[in-house]
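One-letter residues, chain by chain:
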Amino acid sequence: MVFKKMQKILTKKNITILLAVLFLGALLYISFGFLPVLKVEGTSAGYSEFQKVYGAIGAFGKISRGEGGMASEEMKKMALESIIESRLLDELIKEANPELAKKAEEIIQKTLRENKNLSLDEVSKSLYGISAADFQKLGLLPQAKKDALTEQFENNPERLEELWNALLRTADVKIYYPGFYWENGEVKIK
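Here's what I pulled together on the structure shown here. Not measured: the values here are computed from a predicted model.

Where burial is concerned, the two faces of strand 4 (residues 180-183) differ: the one with Phe180 and Trp182 is buried and the one with Tyr181 and Glu183 is not. Pairing geometry for strand 4 and strand 5 (residues 186-189), over 4 bridges, is antiparallel. Among the inter-strand pairings, Tyr181 is bridged to a residue of strand 5, identified as Lys188. The antiparallel pairing of strand 4 with strand 5 creates a hairpin that spans 2 residues between the two strands, and Asn184 there sits at a positive phi of about 50 degrees.

Right, let's get into the sheet that holds strand 1 (residues 36-40). Read from one edge of the open sheet, 3 strands run 2-1-3, paired in antiparallel fashion. Every other strand in the sheet has two partners, leaving strand 2 (43-46) and strand 3 (173-175) as the edge strands with one partner each. Adjacent strand axes in the sheet meet at a mean angle of 20 degrees, parallel and antiparallel pairs treated alike. Contacting strand 1, strand 2 and strand 3, helix 3 (residues 72-96) runs over the sheet at an angle of about 35 degrees to strand 1.

Grouped together as the largest cluster of nonpolar side chains are 39 residues, with contacts concentrated most on Leu38, Phe50, Leu80, Ile84, Leu88, Leu149 and Ile175. Among the elements of the structure, strand 1, helix 2 (47-65), helix 3, helix 6 (132-152), helix 7 (157-170), strand 3 and strand 4 are those that each provide at least two residues to this core. With 9 residues, the top contributor of residues to this core is helix 3. Ignoring sequence-local partners within four residues, the contact set of Ile84 consists of Leu38, Val40, Val173, Ile175, Trp182 and Val187.

With that settled, consider the pattern of salt bridges. Under the criterion given, the structure shown has 10 salt bridges. Asp90 is the partner of Lys145 in a salt bridge, and the nearest nitrogen-oxygen pair spans 2.1 Å. Taken together, the residues span a long stretch of sequence, with Lys145 in helix 6 and Asp90 in helix 3 at a distance of 55 residues. Classification of Lys145 as buried rests on a relative accessible area of 8%. For Glu151, the salt bridge identified is with Lys103, shortest N-O distance 3.0 Å. Of this pair, Glu151 sits in helix 6 while Lys103 sits in helix 4 (residues 99-114); the two residues are 48 residues apart in sequence, bridging distant segments of the chain.

Right, let's talk about unusual backbone geometry for a bit. Even without glycine at this site, Glu41 takes up a positive phi of about 50 degrees. Along the polypeptide, Glu41 turns up in the loop between strand 1 and strand 2. Relative accessible area serves as the criterion here: at 30%, Glu41 is assigned to the partly exposed category. In this structure, Asn184 is a non-glycine residue whose phi angle is positive, near 50 degrees. On the secondary structure map, Asn184 appears in the loop between strand 4 and strand 5.

Conventions adopted
Residues numbered from 1 in each chain as written. Predicted model: local features only at pLDDT ≥ 70, side-chain atom pairs only at ≥ 80, totals over all residues. Heavy atoms only, no water. Buried < 20%, exposed > 50% of the residue type's maximum accessible area, 1.4 Å probe, protein only. Helix = DSSP H or I, 4+ residues; strand = E, 2+ residues; numbered from the N terminus. Pairing = 2+ DSSP bridges. Axes fitted to C-alpha atoms, helices over the stretch in contact; angles between N-to-C directions. Contact = heavy atoms within 4.5 Å. Core = buried A, V, L, I, M, F, W, Y, C linked by side-chain atoms within 4.5 Å. Salt bridge = Lys/Arg side-chain N within 4 Å of Asp/Glu carboxyl O.

Have a look at this one:
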C-alpha cells in the first residue's frame, strides 16, 4: 500500500516536472524568436524578424509623423506585408533570373562605397532602431532586388507587373500572427 502511494506521488511529481520543462522550453522558443509568424512559398519568417521590422516601422513612424505615429495594428500589417514582399521578391528573382540576387548585393555594395560619409550604423540605429546588418537585410536588399528586377525588365515593364500580380494571386502565404490573414494577394486584419 505504501509502495502504491509512493508510485502515485512520483508519477504526479514527474508529470509536473515534465510540464514545467515543456512550458519553459516553449517560453524560450518564443522569446528567442523561433516561433514562425508567417510562411511564404515554404519559407518561414520568425517572430524575431517580425519584431525587427515592426520596431523599425515604429521608430521611423515616430520620427516622420511625430510622437503619435500610427495604430499598432496598422504597423503590424505593414511589417507582415514587408516580410511577405521580401520573400515574394526572392521567388520572382528565382523565376526571372537567379543572377539578379547577386546583382542586388552588388547594388548595395556600390551604394555603400559611393556614400562613404554615410555611417550606416548610426543612421540605421537612429532612424529605425536596428543594426546596420539588419537594415541592409530588411531595408536595402529588398529595394536593391526591386531595382535589379526593374532593370532586367526595363524594355518590358508590363511583363514585370504581370509576373508580380500573378505571383501575388498564386502565392502560398500563411500568416500565423493572431488577428491577420492573407486573402487575394493582401494582408487583411481580422
